[in-house]
2 protein chains.
Amino acid sequence: MNKQENKQPRVIIIGGGFGGVQLAKKLKDAPVDVLLLDKHNYHTFQPLLYQVATGAIEADSIGFPIRRIFSRQKNFTFHLASVDNIDTKTNTVETDAGNYTYDYLVIATGANTNFFGNQELEHYAMPMKNIAEALNIRSLMLQNLEKALVTSDKAERDALLTFVIVGGGPTGVELAGAISELRKYILCKDYPGLCNADMKVYLVEGKPELLAAMSSEASLKAKQFLKEMDVSIHTGVHVSSYNGSILKIDDGTVIQTRNVLWAAGVKGEVPNGMPEETVAKGGRLITDDINRIKGYSNIFAIGDVSFVQTDANPAGYPGVAQVALQQGKHLAKNLRNIIEGKPTTPFAYHDLGTMATIGRNKAVADLKKFKFQGFFAWLLWMFVHLLSLAGFSNKAIVFLNWAINYLTRNSDNRLVIRYFKTDTMTVDPVPR
Amino acid sequence: MNKQENKQPRVIIIGGGFGGVQLAKKLKDAPVDVLLLDKHNYHTFQPLLYQVATGAIEADSIGFPIRRIFSRQKNFTFHLASVDNIDTKTNTVETDAGNYTYDYLVIATGANTNFFGNQELEHYAMPMKNIAEALNIRSLMLQNLEKALVTSDKAERDALLTFVIVGGGPTGVELAGAISELRKYILCKDYPGLCNADMKVYLVEGKPELLAAMSSEASLKAKQFLKEMDVSIHTGVHVSSYNGSILKIDDGTVIQTRNVLWAAGVKGEVPNGMPEETVAKGGRLITDDINRIKGYSNIFAIGDVSFVQTDANPAGYPGVAQVALQQGKHLAKNLRNIIEGKPTTPFAYHDLGTMATIGRNKAVADLKKFKFQGFFAWLLWMFVHLLSLAGFSNKAIVFLNWAINYLTRNSDNRLVIRYFKTDTMTVDPVPR
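Naming follows an unreviewed UniProt entry, where chain A appears as NADH:ubiquinone reductase (non-electrogenic) of Mucilaginibacter achroorhodeus. Turning to chain A, the UniProt record has this under Sequence similarities (unreviewed entry): "Belongs to the NADH dehydrogenase family." The UniProt entry for chain A carries the following comment under Catalytic activity (unreviewed entry): "a quinone + NADH + H(+) = a quinol + NAD(+)".

Residue-level account of the relation of the copies chain B and chain A, with values.
Aligned on chain A, chain B shows an RMSD of 0.0 Å; the corresponding rotation is 180 degrees and the shift along the axis is 0.0 Å. The superposition operator between the copies reduces to a two-fold rotation axis. Taken together, the interface assignments show that 100% of the residues at the interface of chain B recur at the interface of chain A, consistent with an identical surface on both copies.

Pulling in residues and values, what's your account of the sheet that holds strand β5 (residues 76–80) of chain B?
Residues and elements named next belong to chain B. Here 5 strands make up an open sheet; going across it, the order is β5-β2-β1-β9-β21 and the pairing parallel. A single partner strand is all that each edge strand has here, and the edge strands are β5 and β21 (299–301). Direction aside, neighbouring strands of the sheet carry axes that sit 20 degrees apart on average. Relative to β5, strand β2 (residues 33–38) runs parallel, the two being bridged by 5 bridges. Within the sheet, the bridge partner assigned to aspartate 38 lies in β5 and is leucine 80. Contacting β1 (10–14), β2, β5 and β9 (104–107), helix α1 (residues 18–26) crosses the sheet at an angle of about 160 degrees to β1.

Could you give an account of the domain arrangement of chain A, naming the residues involved and the relevant values?
Split by domain assignment, chain A resolves into domain 1 (3–39 + 81–113 + 267–339) and domain 2 (119–264 + 360–428). Here domain 1 of chain A and domain 2 of chain A have C-alpha centroids that lie 33 Å from each other.

Give me the lowdown on the confidence of the model for chain A, citing residues and values where you can.
The predicted model of chain A averages 93 in pLDDT, with 97% of residues at 70 or higher. Under a pLDDT of 50 for its full length, residues 1–5 of chain A has, in the predicted model, 1 contact with residues more than four places off or in other chains.

Hey, could you go over the pattern of salt bridges for me, with residue numbers and the actual values?
Enumeration over the complete set of coordinates arrives at 16 salt bridges over all chains. Its salt-bridge partner being glutamate 269 of chain A, residue lysine 39 of chain A comes within 3.6 Å of it at the nearest N-O pair. Taken together, the positions of lysine 39 of chain A in the loop between β2 (33–38) and β3 (42–44) and glutamate 269 of chain A in the loop between β18 (266–268) and β19 (279–280) put the pair 230 residues apart, joining distant regions of the chain. For aspartate 60 of chain A, the salt bridge is made with arginine 138 of chain B, and the minimal N-O distance between the two is 2.9 Å. Here aspartate 60 of chain A is found in the loop between α2 (49–53) and β4 (63–65), whereas its partner arginine 138 of chain B is found in helix α5 (residues 131–150) on a different chain. Taken as a pair, aspartate 60 of chain A and arginine 138 of chain B share a single burial class, namely buried.

So what's going on with the sheet that holds strand β11 (residues 162–166) of chain B? Residues and values would help.
Residue and element names in this part refer to chain B. If you trace the 4 strands from one edge of the open sheet to the other, you get β13-β12-β11-β17, paired in parallel fashion. The open sheet has two free edges, formed respectively by β13 (231–235) and β17 (259–262), since each of these has just one partner strand. If you compare each strand with its neighbour and ignore which way they point, the axes differ by 20 degrees on average. Of the strand pairs in this sheet, β11 and β17 are connected by 4 bridges, and their pairing is parallel. Bridge pairing links valine 164 to valine 260 in β17. The sheet contacts of helix α7 (residues 170–185) involve β11, β12 (200–205), β13 and β17, and relative to β12 the element is tilted by about 170 degrees.

Thresholds applied
Residues numbered from 1 in each chain as written. Chains lettered and ligands numbered in written order. Predicted model: local features only at pLDDT ≥ 70, side-chain atom pairs only at ≥ 80, totals over all residues. Heavy atoms only, no water. UniProt positions renumbered as here; feature names shortened; annotations may be inferred. Least-squares fit on C-alpha atoms with pLDDT ≥ 70 in both. Contact = heavy atoms within 4.5 Å. Pairing = 2+ DSSP bridges. Helix = DSSP H or I, 4+ residues; strand = E, 2+ residues; numbered from the N terminus. Axes fitted to C-alpha atoms, helices over the stretch in contact; angles between N-to-C directions. Domains from an automatic or database assignment. pLDDT = per-residue confidence, 0-100. Salt bridge = Lys/Arg side-chain N within 4 Å of Asp/Glu carboxyl O. Buried < 20%, exposed > 50% of the residue type's maximum accessible area, 1.4 Å probe, protein only.

Laid out in structure tokens, this is it:
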């Protein structure tokens, strides 16, 4: 083996989410050098963000340091870096940690919250796409319960105790369920002064049904569960405005609230430098069936930021972890094929099913062969999520939290570690 | 029982630290209404802050919601409030959550970091008195390791890899030990590019010995442990300045460093409104032997903010958890005595001993009857701290972390959840 053979092509992956991490793992024995760039030094298990936001589990238990995942992978390097621009002419990724040239580039930047251009909503509604944002929601919620206890203004008290979740997909449904359970199990215990208060939980969805991407059985059962839990469901309507205290829905409903949680849409996180014609609606990068971006030979996109546009599948794949994981795995094979001069194979998504949990013993599951709801769906949901978490100690800690929560109907993670300032909607980084 | 009897005297406690929480607990069956005010909604187990700062344990596992501690105590109320002023003439505590009148007031606000008036140090050195500050240190440390990997400037790289801990008390010794272990066990695994880098750990103390409050055996052994762990120890000297990159010591030593952790002094957190003559050196409220503040009949101070000045004990008690706990317990008895018209009894501190841990299998313990160092001191240290943590799940999670850390010499809590901006020394509350 001569020295020349050591000069392997460099694959740069931007983003350490499900897709990026999976791709990097599967390139372990490939004849490439892998450089993963992310603005966070950890991988986030996004499906459990809502449990961090509602104080069920520790924030640190759904983050896993990227360096630890790859500590034994020789051809892997990680840099904490925020990408400023991609120069496709010189094959360069420009970041705040320096510039890097690539032979192959994979954009796996995922998606961020979409407020559809409404700046007032963007300012006042709470997004939940990363751990910091989930902790912001936790702080806001707990602070508003505290404020409700001491205010003498009845209308303000009602607004502080009114929670509106916008978006009836899995995230919105799970948040609405978790907040409703907090009302049922925690309010009286921890806030005796609010025991008889009228805390309200609303769920607002634009489509006619909740969980529109799931089966009608799942969708109807989720609605029934939430109704039993006294969540006020408004479907087929849209939020038209929210100014920090008054939320207006386009059917004329007006809700006074200090808590609006936004789970109503996402858009791809397209890095600067990618030309307009590569970007589809929703900020997704248009790719062919091997996840290669339109017009490029060496730039790819996977996961939520990608839009695999083929005749057989004109609408693309859903923005879920499974798609990202499978695309990461498949692209690893194709990158090897490309480097070795072999033919590539088209990506095909194997839908393993969808699940959403609404509360204690209450979940809905659509698997390939059968659909079921209730206790067994809930058990399966927990089992699948626990196994998917990175790291033994994260698994153990989340399991422990869940076991304790199940037995005591309580948790001890309801801490306001950063004070949320509702006037500016920012967090006070310095303790008061 | 007529209605009049329900109108019990109101005891306001400011601060939910060791002293305040203990006092409130021990007033459970006393004929008083207890109102606890704190600017945080949780009790912090400060002795383990250094483990949060160094990524050994989860932040949430050393915080426990105050409302949960007291959820079954009928005569207890908590309000999340930042105290603006105490009006001793009208017996009123003025806060951002409203004004409260008291019959008895107990100030248990603890102590904060003392930079001894040096504003440059206050700006650039990292304090560690609460969870937010511990997380700031974690972010800074991890970000600087990342920066060290990508910088091409050798001097800057050395500064990023140089850690100076100022203060050789238990906190400083524990921090120096933990950072030295991070260098030994983690650096090569997680940062292969820094494997052969010269990461330096300094410990600077003004007194001639480390752990000056402990026995000379403990003090010498701690020094020996730290030297074995390659910590550079400078005793009998003081930091004269630090401008964010150059630290100067008054013996002429100059250290280029981007990481200065400040554990060199505390001062009491005296609320506004307390007259100057009640405040002793170090910002502590002068009290008599029943912890009653000089010149007042109904205002008390316990814990780190108090200075029990008696002829028998002119120097006061050390600022440790045990003193606060015992004073809280004792004051509960005396408050009952006062209310019931019985004579009070003077507080006497029972020193149960002091411990400090330096690293894996390495700790020092001074108990009443004997002093020992090494493995058994370390076991005892862990046992005592674990049992002292509030809540079963915190105990279980910290134990789990410790067990995994012990077996794997690693942890998965090294997450930069908030980005620390070194130019302004503030945290970016909004994810980049």
